[in-house]
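Observations on the three-dimensional arrangement
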Amino acid sequence: MTENVTYHSRKNVFYVILGIVFLVFLGRLIQLQFLYSEKYGKMSSENAIRNVAVAPLRGYMYDRNGILVVDNRPAYNVTVTPVEFENKNLELLTEILKMEKGEVRERIEKGKKYNRFSPVKIKRDVDFQTLSFVEEYSGQLKGVEYQFEPKRYYPTKAHGSHLLGYIKEITESQLQKLGEFYRQGDIIGASGLEAGYEKYLRGKKGFELITVDAEGKIIGNYNDGKSDIQPVEGDDLELTLDIKVQALAESLLSDKRGAVVAIDPNDGGIIALVSKPDFNPELLSGVTPLNVWQQLNTDPTKPLFNRATLTNYPPGSTFKMLLALAALQEGIIDENWRVNCRGSFTFGNKVFKDMHVHGPTNVVEAIQRSCNVFFYQLMLKTGLPTWSRYGKQFGFGTPTGIDILEENSGLLPSEEYYNRRYGKGRWTQGYLVSLGIGQGELGVSPLQLAAYAMVLANEGKYYKPHVVDKIKEKENKKNIKIQTEMRQINLKKEVWKSVREGLYRAVNVSGGTGASARVPGINVAGKTGTAQNPHGKDHAWFIGFAPYENPKIAICVLVENVGYGGVFAAPIAGLCIEQFLYGEIIRNKLNQPKLILPKTETEQIRD
Amino acid sequence: MQNWFSENINFGILISTLLLVLIGLGSIYSATYDAGASDFFNRQLIWAGIGLVAMLVVMFVPFRTLQLLSYPLYIFSILMLIAVLIFGKTVAGSKSWFGFGTFGLQPSEFVKVTCVLALATYLSDKKINLSRFKNLIVALLIVLIPVVLIIRQPDVGTAIIYILMLIPVLYWAGASLTLLLIIISPAAAAVAALFGITPFLIVLAALLITFFVLKENKLISAIIFSITVLVGVSVQFIYGKLAPYQQKRIDAFLNPEADPLGSGYNVIQSKVAIGSGGVFGKGFLEGSQTQLNFIPAQWTDFIYCVPAEEFGFVGSILILILFAYILFRSINVASTAKSRYASLVTMGVVSIFTAHILINIGMVMGIMPVIGVPLPLLSYGGSFLLSTMLMVGLLLNMYINRKEY
């Protein structure tokens, strides 16, 4: 019973505390709902304080020399607050905005469904005349306003469409998936770096509390703006890109289909990544007019497709070095092992052709002259498992992991692949012969080949290709350096030496196939390739690096359906290397004889 | 039979609870109506059904069985809490969920129930004396283990609720006021110091007044006071030494609503919603503030605005009366219950409810800091509704067994 007595006194303490809490609540309710109810009622009915999101500036992007490549410029959007808008004004509004009536109505309806008190964007980036009309009719057009929003602007000559990417208005499904940060009408990165680094580039939205009067006119900022939240600018990206090389490569491919990927062999930084045909990214910053979209999507040359990372073509003779490295490293052959090339090679009942009769050829000469017969035989001697294992080491058949999201893994066949495809024991060694010269069931992207050129240049260091070097965080004022990932492909010193010598000779010694990649004053090494293509002319490839002694750039060039790699791809590589290493094209100033390009161009010839 | 029911079922608490659940469902329907998010309403309806069944089951569990189950249930729920830190799903920055398809479960909500049961079981043991250091530590650990795990999620709001449950229960179990002051004042000082110098000074002043009122021993008072000052000052000192972005993190921690829309904005809008409701309100589904836009996620923490705007003072006060009835009635049950266990379980539930109501409604009315804590029986959230109804089940069970020893 004593227990209940103590409970009794303690109960009173609880009664008093709870009593105070509920009395305070009651007092507050009386204060809010009786004394101030008129004031709050007025605020509420006028919707007096409006919360307007302030778009932050999207982060800037700079190239490796600090040149601004992605900029922002001011633009104005016309918005409608659905709850205030009177439908009788629909006609007038569509007339001013020069839009379809249905489209305007649909946008307002959509906004209404989400939040009828919050302004919804009706038209982006309107011209000055439209803006002044909106201003002029503001008395009549209740709920129609305009707001500032930065727009993407590209100050250099380069497009960089597939690399830098483009932005677009967020879709309904994205909105549902990503939630939280985004609202209807927001801009989001859709491809390339814009998509890959969206989280950094987008910044943080600000919010302004705006007081409006009974007519919906803005009086000013609530609480003198003290309650506003300032937007935080998006983080800047410092790229490994050299925008001048990018621009040059774009112009060199301007009337062609193809790709250029240049990469820094000292850290895997992308110097240029071009895919042509491309598009003007400024056309796709924000709301893209329907006809522009349709045009881009139905264009048979597929300008939206990133040829640099998504193509899946056989690499042709550029793949011969892989086989040479594998055979030398495994001790299957040595430098003195020779094949007597008679211009063709017969296996079973099939004849595999070569371009010339090369006579007795060792591995260095075979790379220099691109002797097919040598590599047909070497492939049979080396065998599929070893070749496939080395291919894997060099990153073929898997995505490189580059930071622009879209890429293809390509195809590197193995015994397993053939067993799956044709059934165990139902394929023969004959299937392999053409793999030795990079033809057949084999697919690579220019990016993968550029990475392979990088490894040849630096003797085995496979750096993960990347475009962003540093992220400059705005909020914390910190620079985040992107860690480069590297793995070493360990081969004997002599092996690298032989293969690299072959590449040097292929460009610099007469009888080499890559002579048109030469650059005055710099030793370029490289290899041409020509990929068979059942749908038309061959695809021209070139991979290379320079300077030979101390490589600073590795490059891969692809030109689709033109023919010979030495003719079409190699000169483009040479010019890009020249631009990168000299910072300009100097050959015109040197008064040198123009490059003489070989004139022959025969379909069945493999370089 | 008729007699047994009227004798043993606390219809007052049962009906108040059901009314509050119905008001909650109506408010969620209204808050999400404009957005076409009837999903929220349907889910809450399902959870309310599950909760009702669970409440009735708990209500009729035999008294001894419940006592025997208290420790095993507590241990099981703590294991769940550890598991969620490892395997859980992160929602809005907190790793506090188990996902099962579209339905999720939040173990921290259920630990509230088992924690009350375990603490009551321990403190009701005749051999336990809170003035013994060892016993006190065990009692504290029963609550602090889940608190530490929940802070790791991190979910500070829920952790605060546990602390606000612990202190009244200890007091009810017979802890001396001096002991409570030793526990409360440094903790209060640390939290107040983070909010600023003024709240800190208010805590110190309150402490001095308490000493005076209680005519506390001077030496003990001086020691408690110095510890409190030391804790508060060092918290301020450490906070000052942090980098701005770290400070920001702490601010956001204390004030989760500040990001990204700003707590100032939420509170302005919720005050406008309540105030504009006036005496009789704007009518169901007619609240212009309510219709999703002005207060983000209004159907969770800011749900009280909805009835306050749409049914005005009449609706607002009805909810307060229902809550007050449940709490006062339960305290009365606790003070007359024959068994110490029944008494302590009831007070545990009362404390948890009070903590939620105090923080939540205080925040919505703009007189408490913005801490993300939902309103019992009204706020959207399946696990929370279910655990709250389980706790009401406990209240009803204790009422049935109030004459048991």
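Predicted, not measured: the structure shown is a model, and the values here were computed from it.

The next subject is the overall build of chain B. Within chain B, the regular secondary structure consists of 16 helices and three strands. Considering only contacts in chain B between residues 6 or more positions apart, those separated by 24 or more positions represent 73%. Accessible surface for chain B amounts to roughly 16,600 Å². Of this, 73% is attributable to carbon and sulfur atoms.

It is worth spelling out the pattern of salt bridges at this point. Charged atoms that come close allow side chains of opposite charge to pair. Residues and elements named next belong to chain A. Applying the stated rule across the entire model yields 34 salt bridges over all chains. Here Lys151 and Asp125 are joined by a salt bridge, their closest N and O atoms 3.0 Å apart. Of the two residues, Lys151 sits in strand β5 (residues 144-153) while Asp125 sits in the loop between β4 (120-123) and α5 (128-136), which places them 26 residues apart along the sequence. The buried category is assigned to Lys151, whose relative accessible area is 15%. For Asp125, a relative accessible area of 28% corresponds to the partly exposed category. For Lys474, the salt bridge goes to Glu233, with nearest N and O atoms at 2.6 Å. Here the residue Lys474 occupies a position in the loop between β18 (468-472) and β19 (479-481), and Glu233 occupies one in the loop between β9 (218-221) and β10 (236-239), the gap between them amounting to 241 residues.

Turning our eyes to something else, we now look at helix α13 (residues 320-329) of chain A. Residue and element names in this part refer to chain A. With nine of 10 residues buried, α13 lies mostly within the body of the structure. Within α13, burial applies to Lys320, Met321, Leu322, Leu323, Ala324, Leu325, Ala326, Ala327 and Leu328. Backbone geometry just downstream of α13 places Gly331 in the positive-phi region, at approximately 75°.

Our next topic: unusual backbone geometry. Residue and element names in this part refer to chain A. The residue after Lys276, namely Pro277, is reached through a cis peptide bond having omega 0°. Summarising the element assignment, Pro277 is placed in the loop between β12 (270-276) and α11 (290-298). Cis rather than trans, the peptide bond between Ala546 and Pro547 has omega equal to -15°. As for its position among the elements, Pro547 is in the loop between β22 (539-546) and β23 (553-559).

Let's shift gears to the nonpolar core. Within the largest apolar cluster, 124 residues are counted, with the highest numbers of intra-cluster contacts made by Leu119, Leu123, Leu170 and Tyr304 of chain B. Top element by residues in this core is helix α15 (residues 340-364) of chain B. It accounts for 15 residues. With residues up to four places along the chain from it excluded, the contact list for Tyr304 of chain B reads Leu29 of chain A together with Ser316, Ile319, Leu320, Ile361, Val364, Met365 and Leu375 of chain B. Counting residues in hydrophobic clusters, the runner-up holds 93 residues, among them Ile333, Ile404, Leu432 and Val495 of chain A.

Here the focus is helix α4 (residues 63-87) of chain B. An α-helical turn contains 3.6 residues, so a residue and the one three or four places further along point in the same direction. When the terminal C-alpha atoms of α4 of chain B are compared, their 35 Å separation across 25 residues agrees well with the 36 Å that a helix rising 1.5 Å per residue should span. Among the residues making up α4 of chain B, those that are buried are Phe63, Leu66, Ser70, Tyr74, Ser77, Ile78, Leu81, Ala83 and Val84 of chain B.

Residues and elements named next belong to chain A. Reading across the sheet, the five strands line up as β12-β11-β23-β22-β21 and stay open at both edges, with antiparallel pairing between neighbours. Bordering the open sheet on either side are β12 and β21 (525-531), each of which pairs with just one other strand. Along the sheet, successive strands turn relative to each other by an average axial angle of 5°, direction set aside. Pairing between strand β11 (residues 258-263) and β23: six bridges, direction antiparallel. Along β23, the bridge assignment pairs Gly258 with Val559.

Residue-level pLDDT values for chain B average 85, and 87% of them are 70 or greater. Across the predicted assembly, pTM comes out at 0.60 and ipTM at 0.90.

In this section: the pairing of β23 of chain A. Each regular strand carries side chains that alternate between the two faces of the sheet. Residue and element names in this part refer to chain A. With seven of seven residues buried, β23 lies mostly within the body of the structure. Because side chains alternate across β23, one face comprises the buried residues Ile553, Ile555, Val557 and Val559, and the other comprises Ala554, Cys556 and Leu558, equally buried. Here seven bridges tie β22 to β23, and the two strands are oriented antiparallel to one another. What sits directly across from Ala540, in β23, is Val559. Counting the residues in the hairpin turn of β22 and β23 gives six residues.

Okay, empty space enclosed by the protein next. Residue and element names in this part refer to chain A. Under the counting rule described, the total for this entry stands at two cavities of 30 Å³ or more. For the lining of the second largest cavity, the secondary-structure elements that each account for two or more residues are α6 (161-164), α10 (243-252) and β12. Top element by residues in the lining of the second largest cavity is β12. It accounts for three residues. Residues belonging to the lining of the second largest cavity are distributed by class as follows: two nonpolar, five polar and two charged.

Looking now at the packing of aromatic side chains. Counted according to the given criterion, the structure contains 35 aromatic pairs over all chains. The interplanar angle of 45° and the centroid separation of 5.2 Å between the aromatic rings of Tyr15 of chain A and Phe328 of chain B together place this pair among those described as tilted. With Tyr15 of chain A in helix α1 (residues 2-35) and Phe328 of chain B in helix α14 (residues 312-336), this pair bridges two chains. For Tyr15 of chain A, a relative accessible area of 23% gives the class partly exposed. Residue class for Phe328 of chain B comes out partly exposed when judged on its relative accessible area of 25%. Seen in terms of ring centroids, Phe545 of chain A and Tyr548 of chain A are 6.5 Å apart; in terms of plane orientation they differ by 15°. Their pairing is stacked. Residues Phe545 of chain A and Tyr548 of chain A agree in their burial class; the two are buried. Chaining the aromatic ring pairs together yields one cluster made of Phe319, Trp387, Phe394, Phe396, Tyr452 and Trp496 of chain A. Seen from the ring of Tyr40 of chain A, Lys39 of chain A lies directly overhead, with NZ or CZ sitting 5.0 Å from the centre.

Let us look at the side chain of Asp264 of chain A. Residue and element names in this part refer to chain A. Along the chain, Asp264 turns up in the loop between β11 and β12. For Asp264, a relative accessible area of 9% puts it in the buried group. If we skip the residues at most four places from it in the chain, Asp264 touches Arg64, Gly269, Ile271, Met454 and Lys552.

Calculation criteria
- Residues numbered from 1 in each chain as written.
- Chains lettered and ligands numbered in written order.
- Predicted model: local features only at pLDDT ≥ 70, side-chain atom pairs only at ≥ 80, totals over all residues.
- Heavy atoms only, no water.
- Helix = DSSP H or I, 4+ residues; strand = E, 2+ residues; numbered from the N terminus.
- Contact = heavy atoms within 4.5 Å.
- Areas by Shrake-Rupley, 256 points an atom, 1.4 Å probe, with all protein chains shown as cover.
- Salt bridge = Lys/Arg side-chain N within 4 Å of Asp/Glu carboxyl O.
- Buried < 20%, exposed > 50% of the residue type's maximum accessible area, 1.4 Å probe, protein only.
- Core = buried A, V, L, I, M, F, W, Y, C linked by side-chain atoms within 4.5 Å.
- Expected span 1.5 Å × (residues − 1).
- Pairing = 2+ DSSP bridges.
- Axes fitted to C-alpha atoms, helices over the stretch in contact; angles between N-to-C directions.
- pLDDT = per-residue confidence, 0-100.
- 1 Å grid on protein atoms, 1.4 Å probe; cavity = no way out; pocket = protein on both sides within 12 Å on 5 of 7 lines; lining within 4 Å.
- Points joined across faces, edges and corners; volume = space filled by probe spheres on them.
- Nonpolar A, V, L, I, M, F, W, Y, C, P; charged D, E, K, R; others polar.
- Phe/Tyr/Trp six-rings, centres within 6.5 Å; stacked < 30°, edge-to-face > 60°.
- Lys NZ or Arg CZ within 6 Å of the ring centre and 35° of its normal.

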